[in-house]
Structures are given as structure tokens and as C-alpha cells.
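The primary structure of each chain is shown beneath.
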Amino acid sequence: MLLWVPWALLALLLPTLLAPGEARHGGGLPAQNSSRPALLRLSDHLLADYKKGVRPVRDWRKPTTVSIDVIVYAILNVDEKNQVLTTYIWYRQFWADEFLQWNPEDFDNITKLSIPTDSIWVPDILINEFVDVGKSPYIPYVYVRHDGEVQNYKPLQVVTACSLDIYNFPFDVQNCSLTFTSWLHTIQDINISLLRLPETVKSDRSVFMNQGEWELLGVLTQFQEFSIESSHHYAEMKFYVVIRRRPLFYAVSLLLPSIFLMVMDIVGFYLPPDSGERVSFKITLLLGYSVFLIIVSDTLPATAIGTPLIGKTLSWGRARCGRGTGPPLPLPPVCVPHSHPAPGCTGVYFIVCMALLVISLAETILIVRLVHKQDLQRPVPAWLRHLVLERIALLLCLGEQSASRRPPATSQAAKMDDCSDMGNHCSHLAGPQDLEKTPRGRGSPPPPPREASLAMRGLLQELTSIRHFLEKRDESREVARDWLRVGSLLDRLLFRIYLLAVLAYSVTLVTLWSIWQYS
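Let us look at the structure shown here. Predicted, not measured: the structure shown is a model, and the values here were computed from it.

**Comments concerning the overall build of the protein**
So, point 1. Summing up its helical and strand segments, the protein has eleven helices and 15 strands in all.
So, point 2. Per-residue burial for the protein yields a buried fraction of 37% across its 519 residues.
So, point 3. Put simply, of all contacts in the protein between residues at least 6 apart along the chain, 77% involve residues at least 24 apart.
So, point 4. When the accessible area of the protein is evaluated, it comes to approximately 31,400 Å², of which 62% is carbon and sulfur surface.

Below you can see the structure in the form of C-alpha cells.
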């Protein structure tokens, strides 16, 4: 009976002896797990069996929707010659990864985790207009939320091709598109949507550097589906970056000097038309304008199909003005050059100004040639005298100009007859044989001696020559006055025509630039 006592004591002590050991063995794993950081445990949990080469969906029929967003930070460069736009943007894209989900309560309530981009699947979305790899910083991480949403934030320096129309320079508005699409996956695999509302994207200038040459008018968005083959459809999202050039610098450095030279050319018309200084003055202006064009030639933008309105050459191909290829949203009109440019011809603003200077110089040369005094200058033709001194004078509201009246031909003939008669009389008096044959009356004075007759004959010939010289000089002066009067009237007429042409050209340019700037 005493044998059962030890067994009873062993049964009572055994649970007490085994309890600490079980407690130590049972609590070893939780103590070991709680010693590791929750981020490491979560990262190992997510990437343990993750396959980044497979699209992260459980049902392959379900497309992966990628939501994208673009914020323009700066316009770095607009290369009109190569038709390239360089921008700096903040790019964001979100998508759902069904293999990157967890319960926050199991991992210390962690709801967001940053993991390396190279460790997960990333959609192959790129910009179709890419022409060069920009100097964009590399961002090696993405954010992953507990519900599987992946957030990829990265800044991009985008170098894209853009159809730049610079005809309205420096009041031009450019519309360049950034087309985001999947290069390989069709819309059945990857679909694209807009992360924010289109109105919010359009008016967002919160981070734009607004101190440069270009002003951001807005960013318009448009989604469309296109197909290369009938069975392959792709989704794409277009962002239209609409920018406008600030014209103040170009107006001061290009337009004002040209305007000043044209004003000086107009003032030069007030120099006397018979003065040779006007020709040298206008030649100096033309030379100065040529040097000015050489200096500013590097400042003007140029393209292979045309140049701006104030440029050097212009293609006469008809411009197709509209809203580019933009969406049906409010957008400033953009002129797109014709796809088949016509042969170029000399051009619009600067060349027209130079042409006006050349025309002014030619007019000055013509007037100086008309009023220039010559020894054998012909009289003003009757038709020209009637046209200029009567018709043009009335047109210019100057009244009919009275032409100088030279002695008529009959009076000149009478003078010549008198001179011939006087010469005959002198020769008659000078004849010695006639003097001898002349009967002498009573009381008549004796004839002069022969030497006195010869002296009188020479004196009369000298007086006749002087009179002929003075008459010829007066006639030349009258002819010169007539040509001066004709030249002055023609100079006034041509000056007014030239002034009207300059004013009409200036008003046209100012009107066009005002329409382009405030359209």
C-alpha cells in the first residue's frame, strides 16, 4: 500500500517540473520573431516568392490600369531649327499589384513601404516623341501600399520632337504633345487613365518656373485608343503643353532699332532735293541697316521650312491655322506649317524694311538727277510740265504752279533781226569805199576816221556777244528752275506715297501681332 505513495508524489510534481520547460520552448519563436524589425519582415514577406517578370494579376483576363500624371516644372529649351522641345516635368504613375498586399495588423500597422524599383514589375510606359535621353535623376525606389497600390514618382528631363511654327515670332504660341503609351502591351493588358481631373491638370502652375522666356498657358489632356493592326489596340494619354513666348526682349532688341532707322529715313526727305547730302545720308542708313541684320541674324529663330515674320526668308506655302492636333478643349489657335513648303522668297519684316530703304534711295537718286544743273540741259517737255505743274500740283493741294515765262520765239527772232541789221549797219559804216561814195550834204559833219569805225565795230560785236551770253545764261537758269520745280513736286508726291506705304505696313504688322498676342 506504501508503493503508491511515491507514484502519487511523482504525479503531483511532474506538471510542475515540466511547465517551465514548455514555457521556454513554446515562447522561443515569438521572442525570436519579435526581435526583427517589422520593415524587414514585411519586405521579406512581399519579395520572398515575387516574380517581377510577370504582370501582377491573378486573372490574366483583367487589364492592369496605370494612372499617370504630369506637372510641368520648367521649359529648358526650344530649338526651332531642329524642332526639339526640352522640358522638365514631374511624372507620377500608379497601378495595382495584386501580389504586393498585406494586413497592416500583422506588421506593426505598416500601411506604406518603399522597395527597390528593380525588384518589382513596372509597366513599360514611355513617351512617343522622345528623340534624346535627357539628364534625368535616377529614383531607385517606389512606394507600395498595403492594398497593393504602387506609387512611382520621378522627375524627367524630356527631349521631344515638336512641330514648332515660328511665323508669328516673337508673339508665337507653341503646342507640343507628350504621348504616354505602352510600347508592347495592348489595351487588353495595360490600360492608361488620368490620375487627376483634366481641369486640375490644365490650370496647375504651382511648381512652374515662370521667370524664363516662355510662359505656360496650360496643359491639356486627351485619351485615345489607336491600332496598328486590326487586332492590336493600344491605349495612349496625350498631354498638350501650350506655351507662349514673352516678346518684350525681342521687341526692344530687334524691332525698335529697325523702327528708329525707318524714322530717320523718313526725316531724310526734308533735306533739299538739290542737295547731294541726301543721297549719302540714305546710303549710310542702308549700310547701317545691313550691318544691323548681320548682327541680329543669330538671334532670329529659323527652321527648314520657313522663318518668322520678321525673319530673312519665308516659304509661301499656305499655313494651316487651327488648333493643331489638340483635343476639343479651349486652346489658343496654333498655326501649323503646310506639309509641302513652297519655294522660299525674300522675306517679310526686315527685308521689307530694307526694300523700303532701297526704294527711298532710288527716289532720291531720281529727284537729284532731275534737279541737277547742267550746261546743256534740255527744257522741260510740255507734257511733263502739264502733268506735274498742273495736275500733280492740284492733287497735292498746292495750287497750279506758274511756270517761268521765257521770251517767245518771235521776240527772240526780232532781237536777232535787230542784231543783224545793226551788224549790217556797222559793216556799212565800216566800208571805206562806201564812205567815199556817200554824198556829203552841206552842213553835214565830216565822216569819222577809219580807225574810229573799226573800234566801233569791235565794240558792237563785244556787246552783242555779252548780250548773247547773258540771254543763254538766263535761259539755262530758267530751265534749271523749271526742273527744280518739277523735281520738288515729284519729291513731295513720292514722299507722301512712301509715307503711306510705311504707315500701312506698320499698321498691318501691329494689328497682326496684337491679334496673335491676345488671341
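**What about the packing of aromatic side chains?**
So, point 1. A full pass over the atoms with the stated rule returns 15 aromatic pairs.
So, point 2. For the ring pair Tyr270 and Phe495, a centre distance of 5.8 Å and an interplane angle of 70 degrees mean the geometry is edge-to-face. Of this pair, Tyr270 sits in the loop between α5 (248-267) and α6 (277-296) while Phe495 sits in helix α11 (residues 450-518), and the two are 225 residues apart along the sequence.
So, point 3. On the basis of relative accessibility, which here comes to 66%, the residue Tyr270 falls in the exposed class.

**Points about the packing of α5 against helix α7 (residues 349-371)**
So, point 1. Contact geometry for α5 and α7: axes closest at 11 Å, N-to-C directions at 15 degrees. As judged from the angle between their axes, α5 and α7 are roughly parallel. Considering only the axes of α5 and α7, their crossing is left-handed. For the pair α5 and α7, the contacting residues are Leu254, Leu255, Ser258, Ile259, Met262 and Asp265 in the first and Tyr349, Phe350, Cys353, Leu356, Leu357 and Ser360 in the second.
So, point 2. Looking at the contact of α5 with α7 residue by residue, the class counts come to nine nonpolar, two polar and one charged.

**Observations concerning the pattern of salt bridges**
So, point 1. Across all of its chains, the model carries 15 salt bridges by this definition.
So, point 2. Here Asp189 ties to Arg55 by a salt bridge, and the two come within 3.7 Å at their closest N and O atoms. Taken together, the residues span a long stretch of sequence, with Asp189 in the loop between β8 (173-182) and β9 (190-194) and Arg55 in the loop between α3 (38-47) and β1 (64-79) at a distance of 134 residues.
So, point 3. For Asp189, a relative accessible area of 26% translates into the label partly exposed.
So, point 4. Because the salt bridges share partners, they merge into one network encompassing Asp69, Arg92, Arg196 and Asp204.

**What about α6?**
Because an α-helix packs 3.6 residues into every turn, residues spaced three or four apart end up facing the same way.
So, point 1. With 20 residues, α6 should cover 28 Å at 1.5 Å per step; its first-to-last C-alpha distance of 29 Å lies within 8% of that length.
So, point 2. For α6, the set of buried residues is Arg278, Val279, Lys282, Leu285, Leu286, Tyr289, Phe292, Leu293 and Val296. One face of α6 carries all of its buried residues, which in axial projection span an arc of 150 degrees. In α6, the exposed positions angled more than 90 degrees off the buried face are occupied by Glu277, Thr284, Leu287, Ile294 and Ile295.

**Looking at the packing of α5 against α6**
Helices that pack against each other are described as a pair by the angle of their axes relative to one another and the distance between those axes.
So, point 1. In contact at an axis separation of 10 Å, α5 and α6 are set at 170 degrees when each is read in the N-to-C sense. Taken together, the axes of α5 and α6 are roughly antiparallel relative to one another. Here Ser253, Leu254, Pro257, Ser258, Leu261, Met264 and Asp265 of α5 come into contact with α6, specifically with Phe281, Lys282, Leu285, Tyr289, Phe292 and Val296.
So, point 2. Broken down by class, the residue content of the contact of α5 with α6 amounts to nine nonpolar, two polar and two charged.

**A few points about the sheet that holds strand β10 (residues 214-229)**
So, point 1. Sheet architecture is open: four strands sit in the order β4-β8-β11-β10, paired in antiparallel fashion. Strands with a single pairing partner mark the edges of an open sheet, and in this sheet they are β4 (125-127) and β10. Averaged over all adjacent pairs, the angle separating strand axes in this sheet is 20 degrees, with direction ignored.
So, point 2. Bridging between β4 and β8 involves three bridges; their strand directions are antiparallel. Its bridge partner being in β8, Leu126 is matched across the sheet by Thr181.

**Brief notes about the side chain of Thr64**
So, point 1. Examined against the element boundaries, Thr64 turns out to sit in strand β1.
So, point 2. By relative accessible area, Thr64 is classed as buried at 2%.
So, point 3. At 3.1 Å, the side chain of Thr64 and the side chain of Arg55 are in polar contact.
So, point 4. In this structure, Thr64 is in contact with Arg55, Val57, Trp95, Ala96, Trp121, Asp189, Ile190 and Asn191, ignoring residues within four places of it in sequence.

**Some details on the nonpolar core**
So, point 1. Counting 48 residues, the largest nonpolar core has Phe180 and Phe239 as the members making the most contacts within it.
So, point 2. The greatest single-element share of this core, amounting to six residues, is contributed by β1.
So, point 3. When near neighbours in sequence (up to four residues on either side) are disregarded, Phe239 contacts Ile68, Asp69, Val70, Cys176, Ser177, Leu178, Phe180, Leu194, Val201, Val219, Leu220 and Thr221.
So, point 4. Grouped together as the second largest cluster of nonpolar side chains are 28 residues, Phe169, Leu254, Leu361 and Leu509 included.

**Notes on a nonpolar patch on the surface**
So, point 1. Side chains of Leu248, Val252, Leu256, Ile259, Phe260, Val263, Val267 and Tyr270 sit close together on the surface and give an oily, nonpolar patch of about 810 Å² of accessible area.
So, point 2. Within the secondary structure, Val263 sits in helix α5.
So, point 3. When its relative accessible area of 42% is taken as the criterion, Val263 is described as partly exposed.

**Structural notes on the pairing of strand β6 (residues 141-145)**
So, point 1. Across the two faces of β6 the burial differs, with Val142 and Val144 buried and Tyr141, Tyr143 and Arg145 not buried at all.
So, point 2. Relative to β6, strand β3 (residues 112-116) runs antiparallel, the two being bridged by five bridges. For Ser114, the partnering residue across the bridge sits in β6 and is Tyr143.
So, point 3. Two successive antiparallel strands, β6 and strand β7 (residues 149-161), enclose a turn made up of three residues, where Gly148 displays a positive phi of approximately 95 degrees.

Cut-offs and rules
- Residues numbered from 1 in each chain as written.
- Predicted model: local features only at pLDDT ≥ 70, side-chain atom pairs only at ≥ 80, totals over all residues.
- Heavy atoms only, no water.
- Helix = DSSP H or I, 4+ residues; strand = E, 2+ residues; numbered from the N terminus.
- Buried < 20%, exposed > 50% of the residue type's maximum accessible area, 1.4 Å probe, protein only.
- Contact = heavy atoms within 4.5 Å.
- Areas by Shrake-Rupley, 256 points an atom, 1.4 Å probe, with all protein chains shown as cover.
- Phe/Tyr/Trp six-rings, centres within 6.5 Å; stacked < 30°, edge-to-face > 60°.
- Axes fitted to C-alpha atoms, helices over the stretch in contact; angles between N-to-C directions.
- Parallel < 35°, antiparallel > 145°, perpendicular 65-115°, else oblique.
- Left-handed = near helix turned anticlockwise from the far one by under 90°.
- Nonpolar A, V, L, I, M, F, W, Y, C, P; charged D, E, K, R; others polar.
- Salt bridge = Lys/Arg side-chain N within 4 Å of Asp/Glu carboxyl O.
- Expected span 1.5 Å × (residues − 1).
- Arc of directions from axis to C-beta.
- Pairing = 2+ DSSP bridges.
- Polar contact = N/O pair within 3.5 Å; in protein donor to acceptor, adjacent residues only side chain to side chain.
- Core = buried A, V, L, I, M, F, W, Y, C linked by side-chain atoms within 4.5 Å.
- Patch = residues over 30% accessible without salt bridge, like charges linked within 9 Å, V, L, I, M, F, W, Y side chains within 5 Å.

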